[in-house]
Amino acid sequence: MTAQAPAAAPPGGALGATTDVSYLLQHTAHVLTTRMTAALAGIGMSPREHCVLAHAAQQDRTQAQLAELSDLDKTTMVVTVDHLEKAGLAERVPSPSDRRARIIRVTESGAEVVRKGQAIVDRVHQEVLDVLPEPQRAVFVAALSGLATGLLAEPVDCPEVVRRPRQSRK
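Novice: Describe the overall build of the protein chain, naming the residues involved and giving the relevant values.
Specialist: Each helix and strand in the protein chain was counted, giving 6 helices and 2 strands. Across the protein chain, helices and strands are ordered from the amino to the carboxyl terminus as α-α-α-α-β-β-α-α. Summarising the internal contacts of the protein chain: among those between residues at least 6 apart in sequence, 46% fall at separations of at least 24. In the form shown here, the protein chain has an accessible surface area of approximately 12500 Å², with 57% of it arising from carbon and sulfur atoms.

Take a look at the structure:
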């Protein structure tokens, strides 16, 4: 027996009580993550590594700043930077303004990987948007941006611990 997906919104756009917005958002985010992971694997990167490296390439940032920008906890950030450093893509250097902090600096080979990775990320995003009719693309992105910066910008306190889905490991 195959599982049936919850009802999506009808073509006319009317939403009803049977529209499962949680499923739609979680499922599409998961599938996009698997597509992105598979695409970046071609250059030996994960989405998390690309995200950290791309943010580090923009300007000097501390490990803590990169963790916040990349939405990573401290432990995951340390493991990610360890991997990037071991691969020769980034290095930790002392912060000139805070002797306790380390700046994550992208190496020359890391900058090349960022360029290749960003082209892959842009391509995957474009493939997703290309399945929508042209007039819906900007509306879709604006709606998601509105949710991400509005009502769904920050998690709320709740009695149970809600964990993010784990990323697949290789």
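And the narrative resumes.
Novice: Explain the packing of helix α2 (residues 47–58) against helix α5 (residues 108–130) to me, and be specific about the residues and the numbers.
Specialist: What describes two packed helices is the angle between their axes and the distance between those same axes. Between α2 and α5, the shortest axis-to-axis distance is 10 Å and the interhelical angle comes to 120 degrees. It follows that α2 is oblique to α5 by the angle criterion. Between α2 and α5 lies a crossing whose hand is left-handed. For the pair formed by α2 and α5, the contact residues are H50, L53, A54 and A57 on the first element and G110, V113, V114, G117, Q118 and V121 on the second. Grouping the amino acids of the contact of α2 with α5 by side-chain chemistry returns 6 nonpolar, 4 polar and no charged.

Novice: Quick rundown of a nonpolar patch on the surface? Include the residues and the values.
Specialist: A surface patch of nonpolar side chains, about 690 Å² in accessible area, is lined by V21, L25, F140, V141, L144, L147, L151 and L152. For the nonpolar patch, the secondary structure elements donating two or more residues are α1 (21–41) and α6 (134–149). Among the elements that take part in the nonpolar patch, α6 stands out by supplying 4 residues, more than any other. A relative accessible area of 35% places L147 in the partly exposed class.

Novice: So what about unusual backbone geometry? Which residues, and what values?
Specialist: Phi at D71 is positive, roughly 60 degrees, even though this residue is not glycine. Looking at where D71 falls in the secondary structure, it is placed in the loop between α3 (63–70) and α4 (74–86).

Novice: Break down the environment of V141 for me, with residues and values.
Specialist: Of note, V141 is situated in helix α6. On a C-alpha basis, the gap between V141 and L129 in space is 8.8 Å, while along the polypeptide they are 12 residues apart.

Novice: Describe α1, listing the residues and the values that go with them.
Specialist: Because an α-helix packs 3.6 residues into every turn, residues spaced three or four apart end up facing the same way. With 21 residues, α1 ought to run about 30 Å at 1.5 Å a step, and its terminal C-alpha atoms sit 30 Å apart, in line with that. Those residues of α1 that sit buried are M36, T37, A39 and L40. The buried residues of α1 occupy an angular sector of 165 degrees when projected down its axis, which confines them to one face. Capping the start of α1 is the job of one residue whose side-chain oxygen sits 3.3 Å from the backbone nitrogen of S22: D20.

Novice: Please provide a residue-by-residue account of the nonpolar core, values included.
Specialist: Within the largest apolar cluster, 23 residues are counted, with the highest numbers of intra-cluster contacts made by M45, V52, L53, M77 and L84. Breaking this core down by element, the ones donating at least two residues are α1, α2, α3, α4, β2 (102–106) and α5. Ranked by residues supplied to this core, first place goes to α5 with 5 residues. When near neighbours in sequence (up to four residues on either side) are disregarded, M45 contacts T37, L40, H50, L53, L84, L89 and V113.

What counts, and at which threshold
- Residues numbered from 1 in each chain as written.
- Predicted model: local features only at pLDDT ≥ 70, side-chain atom pairs only at ≥ 80, totals over all residues.
- Heavy atoms only, no water.
- Helix = DSSP H or I, 4+ residues; strand = E, 2+ residues; numbered from the N terminus.
- Contact = heavy atoms within 4.5 Å.
- Areas by Shrake-Rupley, 256 points an atom, 1.4 Å probe, with all protein chains shown as cover.
- Axes fitted to C-alpha atoms, helices over the stretch in contact; angles between N-to-C directions.
- Parallel < 35°, antiparallel > 145°, perpendicular 65-115°, else oblique.
- Left-handed = near helix turned anticlockwise from the far one by under 90°.
- Nonpolar A, V, L, I, M, F, W, Y, C, P; charged D, E, K, R; others polar.
- Patch = residues over 30% accessible without salt bridge, like charges linked within 9 Å, V, L, I, M, F, W, Y side chains within 5 Å.
- Salt bridge = Lys/Arg side-chain N within 4 Å of Asp/Glu carboxyl O.
- Buried < 20%, exposed > 50% of the residue type's maximum accessible area, 1.4 Å probe, protein only.
- Expected span 1.5 Å × (residues − 1).
- Arc of directions from axis to C-beta.
- Polar contact = N/O pair within 3.5 Å; in protein donor to acceptor, adjacent residues only side chain to side chain.
- Core = buried A, V, L, I, M, F, W, Y, C linked by side-chain atoms within 4.5 Å.

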